[in-house]
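In case you want the letters, here they are:
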Amino acid sequence: MFAQPGANLAGTERGREAQALLRNCVHCGFCLPACPTYRVTGNELDSPRGRIYLIKQLVEGAPASATTREHLDRCLTCRACERACPSGVEYGRLIDLGRELAEERVPRPVSQHALRRAMVEVFSRPRAFTALLRTGQAIRAWLPATLQARIPPRPARQPPALLARRTRRIVLLEGCVQPGLAPGINAAAARVLDRLGITVERVAGEQCCGALGHHLGHTGRALAQARRNIDACCAALDAGAESIVSSASACGLMVKDYGRLLAEDPAYAARAQRVSAATRDVSEVITPVDLERAGLAPGTGPRVAWQAPCTLQHGQRLVGRVEPLLVAAGCILEPTREGTLCCGSAGTYSILQPELSQELRRRKIAALTPGAPDVIATGNIGCLEHLRAASPVPVRHWIELVAEALDR
Ligand code: SF4
Ligand code: SF4
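Reading guide: rules and limits
- Residues numbered from 1 in each chain as written.
- Chains lettered and ligands numbered in written order.
- Predicted model: local features only at pLDDT ≥ 70, side-chain atom pairs only at ≥ 80, totals over all residues.
- Heavy atoms only, no water.
- Pairing = 2+ DSSP bridges.
- Helix = DSSP H or I, 4+ residues; strand = E, 2+ residues; numbered from the N terminus.
- Contact = heavy atoms within 4.5 Å.
- Axes fitted to C-alpha atoms, helices over the stretch in contact; angles between N-to-C directions.
- Buried < 20%, exposed > 50% of the residue type's maximum accessible area, 1.4 Å probe, protein only.
- Near = heavy atom within 4 Å.
- Nonpolar A, V, L, I, M, F, W, Y, C, P; charged D, E, K, R; others polar.
- Core = buried A, V, L, I, M, F, W, Y, C linked by side-chain atoms within 4.5 Å.
- Parallel < 35°, antiparallel > 145°, perpendicular 65-115°, else oblique.
- Left-handed = near helix turned anticlockwise from the far one by under 90°.
- Phe/Tyr/Trp six-rings, centres within 6.5 Å; stacked < 30°, edge-to-face > 60°.
- Lys NZ or Arg CZ within 6 Å of the ring centre and 35° of its normal.
- Salt bridge = Lys/Arg side-chain N within 4 Å of Asp/Glu carboxyl O.
- Disulfide = S-S within 2.5 Å.

Peer 1: So, the sheet that holds strand β6 (residues 332-333): which residues are in play, and what are the values?
Peer 2: Reading across from one edge, β6-β5-β7-β8 is the order of the 4 strands in this open sheet, with parallel pairing throughout. The open sheet has two edge strands, β6 and β8 (395-397), and neither has a second partner. In this structure, strand β5 (residues 303-306) lies alongside β6, joined through 2 bridges in parallel fashion. Paired with Arg-303 across the bridge in β6 is Ile-332. Where helix α23 (residues 398-407) meets the sheet, it contacts β5, β7 (375-378) and β8, and its direction lies at approximately 75° from that of β8.

Peer 1: For the side chain of Ser-357, give the residues involved together with the corresponding values.
Peer 2: Looking at the element boundaries, Ser-357 is found in helix α21 (residues 354-368). What makes Ser-357 buried here is its relative accessible area of 1%.

Peer 1: Tell me about the site of ligand 1, and name the residues and values.
Peer 2: In the vicinity of ligand 1, 13 residues are found, and the nearest of them are Cys-25, Cys-28, Gly-29, Cys-31 and Cys-85. Grouping the constituent residues of the shell around ligand 1 by class yields 9 nonpolar, 3 polar and 1 charged.

Peer 1: A description of helix α16 (residues 269-278) should follow, citing residues and the corresponding values.
Peer 2: Every buried residue belonging to α16 is among Ala-272, Val-275, Ser-276 and Ala-278, and all of these are buried. Looking at the buried side of α16, the elements it contacts are α13 (219-238), β3 (244-246), α14 (249-256), α15 (258-261) and β4 (279-281).

Peer 1: Break down the nonpolar core for me, with residues and values.
Peer 2: Tyr-258, Ile-286, Leu-291, Leu-326, Trp-398 and Ile-399 are the most contacted members of the largest nonpolar core, which has 82 residues in total. For this core, the leading source of residues is α13, giving 8 residues. Those residues in contact with Leu-291, other than ones at most four positions away along the chain, are Ile-286, Leu-296, Leu-325, Ala-328, Ala-329, Val-402 and Leu-406. Of all hydrophobic cores here, the second largest spans 25 residues; its members include Met-1, Ile-52, Val-59 and Leu-97.

Peer 1: I'd like to hear about unusual backbone geometry, residue by residue, with values.
Peer 2: Of note, the phi angle at Thr-77 is positive, near 55°, even though the residue is not glycine. Phi is positive for Arg-317, close to 55°, though the residue is something other than glycine. Tracing the backbone shows Arg-317 in the loop between α18 (310-315) and α19 (322-328). Its relative accessible area of 47% is what places Arg-317 among the partly exposed residues.

Peer 1: Describe the site of ligand 2, listing the residues and the values that go with them.
Peer 2: In the vicinity of ligand 2, the contacting residues are Cys-35, Pro-36, Thr-37, Pro-48, Arg-51, Cys-75, Leu-76, Thr-77, Cys-78, Arg-79, Cys-81 and Tyr-91. Residue assignment for the shell around ligand 2 shows that the elements contributing at least two residues are α2 (36-41) and α3 (48-60). Here the shell around ligand 2 is built from residues that sort into 8 nonpolar, 2 polar and 2 charged.

Peer 1: Can you explain the packing of α13 against α16? Please cite residues and give values.
Peer 2: Viewed as axis vectors pointing N to C, α13 and α16 meet at an angle of 65°, and their least axial separation amounts to 10 Å. In this view, α13 runs roughly perpendicular relative to α16, as classed from their interaxial angle. Once α13 is placed against α16, the crossing between them reads as left-handed. Residue-level contacts link Ile-230, Asp-231, Cys-233, Cys-234, Leu-237 and Asp-238 of α13 to Arg-271, Ala-272, Arg-274, Val-275 and Ala-278 of α16. The residue inventory of the contact of α13 with α16, partitioned by class, reads 7 nonpolar, no polar and 4 charged.

Peer 1: I'd like a rundown of the packing of aromatic side chains, residues and numbers included.
Peer 2: Across all of its chains, the model carries 1 aromatic pair by this definition. Ring centres of Phe-123 and Phe-129 lie 5.7 Å apart, and the angle between their planes is 70°; on these two criteria the pair is classed as edge-to-face. A single burial state applies to Phe-123 and to Phe-129, both of which are buried. Sitting over the face of the ring of Tyr-268, Arg-227 holds its NZ or CZ atom 5.9 Å from the ring centroid. Here Arg-271 stacks its cationic end above the ring of Tyr-268, 4.6 Å away from the centre of that ring.

Peer 1: I'd like a rundown of the pairing of strand β1 (residues 168-172), residues and numbers included.
Peer 2: Among the 5 residues of β1, 4 are classified as buried, and the element is accordingly described as predominantly covered. Of the pairings in the sheet, the one linking β1 to strand β2 (residues 198-201) comprises 4 bridges and is parallel in character. When the sheet's bridge partners are listed, Arg-169 is paired in β2 with Thr-199.

Peer 1: Could you give an account of helix α22 (residues 381-388), with specific residues and numbers?
Peer 2: Judged by how many residues are buried, α22 sits mostly within the fold: 6 of 8 residues are covered. All buried positions along α22 are accounted for by Ile-381, Cys-383, Leu-384, Glu-385, His-386 and Leu-387. Residues of α22 that are buried in the fold lie against α10 (178-181), α11 (184-195), α20 (349-352), α21, β7 and β8.

Peer 1: For the pairing of β7, give the residues involved together with the corresponding values.
Peer 2: Taking every second residue as pointing to the same face, both faces of β7 are buried, with Val-375 and Ala-377 on one and Ile-376 and Thr-378 on the other. Bridge count between β7 and β8: 3 bridges; the pairing is parallel. When the sheet's bridge partners are listed, Ile-376 is paired in β8 with Val-395.

Peer 1: Which residues make up the pattern of salt bridges, and what values go with them?
Peer 2: By the definition in use, this model includes 35 salt bridges. Notably, a salt bridge pairs Arg-39 with Glu-338, separated by 2.6 Å at the nearest N-O pair. Of this pair, Arg-39 sits in helix α2 while Glu-338 sits in the loop between β6 and α20, and the two are 299 residues apart along the sequence. A relative accessible area of 33% means that Arg-39 is categorised as partly exposed. Between Glu-44 and Arg-49 there is a salt bridge; the shortest N-O distance is 2.8 Å. Connected through shared salt-bridge partners, Asp-46, Arg-51, Glu-70 and Arg-74 make up one network.

Peer 1: Outline the state of the cysteines, supporting the account with residue identities and numerical values.
Peer 2: Summed over the entire model, instances satisfying the criterion amount to 0 disulfides. Between Cys-208, a cysteine without a disulfide, and Cys-176, which holds the nearest cysteine sulfur, the sulfur-to-sulfur distance is 3.7 Å.

As structure tokens, then:
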């Protein structure tokens, strides 16, 4: 697709980047069936090809309206279209660019802007978020049913981990909302890694990974958070940590992208690259052989439906890693359908686009439960909470199931 950057972008790095990214799209439409929003609305402008056309118009400086912005807002950034595209279009980069341009060209109403700002402020501060969550949990019984469904029960208090000091050390990122919503996930990861001879450390000064602000158009704030995390993670790597590990695939994806996002920052480019290269999803640190050596027997655990988060399978391109770990931990994998379909969570999407988000969740749960599993397992706190609110069976992080198998 040829694009001639308009006056604002002509001769700029952003304009050249946009041209290069758009050039790869040949309008073939192979991506359309992979797109969750197109499958729900049937509107070409809610498809990758339609949105790429809108982004081309924004790049060229053609008239844009709130409708343009709405079709870009409806994108989940799930990147299922990238995997379906035979031309290698980097849609994730294109939609980030398109959203930036739409924010500049079509300012939002004050109420929308304020809601987005409030979400970035609250969700990226673990203490503020946890305090708000605990208040909601305390008054949950008196709230309307729609709000009650969004507030999970208070998690059981986690016993302090009594872990040995090992030679191998990794940094386990805490995340922003996960410590309040499900502290058991990182506690489970720490227990599993300890059994495998790896000590888990926290990194001093960890910030929100920046994904939230990045996808809501607060790029400056997201990059400032990224820089502080890079300072903290480089110090940990210098002190001997072998990798930076995340149990939330959305956060892991963002940290793996620091190198690209800060490539033009002379003070941070090299260190951002170093941190991205050292970052792993927790499923990359454990192998089935590790679990077999730990004495786990196959076929003795719960029947599990595996839900691969988009950030894990499309973003990090980690496909088929968790299933063998669950099997090695004794779980029995139940058949599912539509494995590449987004569950509709997508960070704050479930708040900003509730109708589409809930329809996608309904479809996803139907696709996950034909085998009547005991539990749905996933690898990202956003997907977990979104599915949990409507699932007929418990939804857990897969590492919790592995830890429970080792604890038995
Ligand atoms: S993004 Fe890829 S699959 Fe979709 S229309 Fe363009 S070239 Fe075809
Ligand atoms: S990222 Fe997902 S929702 Fe957005 S256009 Fe691609 S497939 Fe559709």
